[in-house]
Amino acid sequence: MAANALATLAAGRRRVGLIAVIGLALACLLLAIVAIGQGAIAIPPGRVAEILMAKLTGDTSLLDGRDVLVVLNIRLPRVLLGLLVGAGLAVSGALMQGLFRNPLADPGLVGVSSGAALAAAATIVLGDRFMAGTMMKLPFAALPLGAFCGGLGATLALYLIATRGGRTSVATMLLAGVALGALSGALTGLLAFISDDRQLRDLTFWSLGSLGGASWTKLSAVAPIVLPLLLLMPLLARGLNGLMLGEAEAYHLGIPVQRIKALAILLVALAVGASVASAGLIGFVGIVVPHLIRLSVGPDHRLLLPLSALGGAMLLVGADIVARLIVAPAELPIGIVTATIGAPFFLWLLLRRTSLIDV
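Keep in mind that what you see is a predicted model, and the values were worked out from it rather than measured.

## Remarks on the nonpolar core
- In this structure, V91, L95, I282 and L305 are the most contacted members of the largest nonpolar core, which totals 84 residues.
- A total of 19 residues in this core trace back to one element, the largest contributor, which is helix α3 (residues 66-100).
- If sequence neighbours within four positions are ignored, L305 has contacts with V91, A94, L95, M233, A237 and L240.
- Membership of the second largest hydrophobic core comes to six residues, among which are L118, V125, L191 and L203.

This is the structure we're talking about:
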């Protein structure tokens, strides 16, 4: 009887989880269509859907006019980039929280974002000065490439520091991430101090985050990095569920603990590095979304990871809509919007569940 009751409960949870995934996916699609139509040139959602369907079906009779150019060349890559970056940051947050067994963990804690920011600052300040001596402009791809390499370099340094005898200490990695993040912040401040007015303006704007520079070229560079993270989620879910019991217990359950840790760290580095490289520093997505999903459906990573991906995509696209409309026709940096949403939530979380900080 007890076994039947547990089986029935598990089946019910799977049905609820499936309904939640389908519902969030549909909501994400509708929000994306609305977001494509928002901006200085407003386009009704029906017309947006018509243009997208015409593009998919190859019906060129409907692909004429200024709104087609705006939708396909400007708004669509921007929204798709927001979906990818939001999903990547949120899933990275869920992975880090599962890895550290702490719902307050965030990708920024391990220094990946700080390393990417330092490399981007060096590219803006030092690279610009170097190119000035050659009478050439800094290549467009230099900034995202520098940020991506900085994120990977920070992750590699953390992994080497925390790994001894073939075993990776999560606690050591967390402490090393805090130290490297502080060092990266200090060096970034030094670069800001020696920069001129134009470089400082570029550095400040990039550090606040924006999807304004989205293009099909940038999207094609980010998608091959973020999409594998989303596709590999099912492979990590069981291992992260086992790690919630502790590393020793997970090992005795047959879970390859070291492999799960290494894969999770690598995927987080790739996703966060690519996100920072393409959209700048965008905070709080990786902590707000996974925690809200965990409060709603529980800690099972088989549901937590896909729902976090959808929730993060919706949050960032929604924040981008606010960033475009709140000071129209100008555009507010999206990092300001996410921080305005995330910081009060984080404070509420600490006040409501202060015991979490002792986990």
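## Comments concerning the side chain of T188
- Relative to the helices and strands, T188 is located in helix α6 (residues 170-194).
- Residue classification places T188 among the buried residues on the basis of a relative accessible area of 18%.
- Among all residues touching T188, those that are not within four sequence positions of it are A117, L118 and A121.

## Some remarks on helix α8 (residues 216-231)
- In this model, α8 (16 residues) spans 21 Å end to end at C-alpha, consistent with the 22 Å of a helix rising 1.5 Å per residue.
- Along α8, the residues classified as buried are K218, L219, V222, A223, V226, L229 and L230.
- Structurally, α8 contributes buried residues whose contacts are with α3, α9 (233-243), α11 (257-279) and α13 (301-325).

The rules behind these values
- Residues numbered from 1 in each chain as written.
- Predicted model: local features only at pLDDT ≥ 70, side-chain atom pairs only at ≥ 80, totals over all residues.
- Heavy atoms only, no water.
- Core = buried A, V, L, I, M, F, W, Y, C linked by side-chain atoms within 4.5 Å.
- Buried < 20%, exposed > 50% of the residue type's maximum accessible area, 1.4 Å probe, protein only.
- Helix = DSSP H or I, 4+ residues; strand = E, 2+ residues; numbered from the N terminus.
- Contact = heavy atoms within 4.5 Å.
- Expected span 1.5 Å × (residues − 1).

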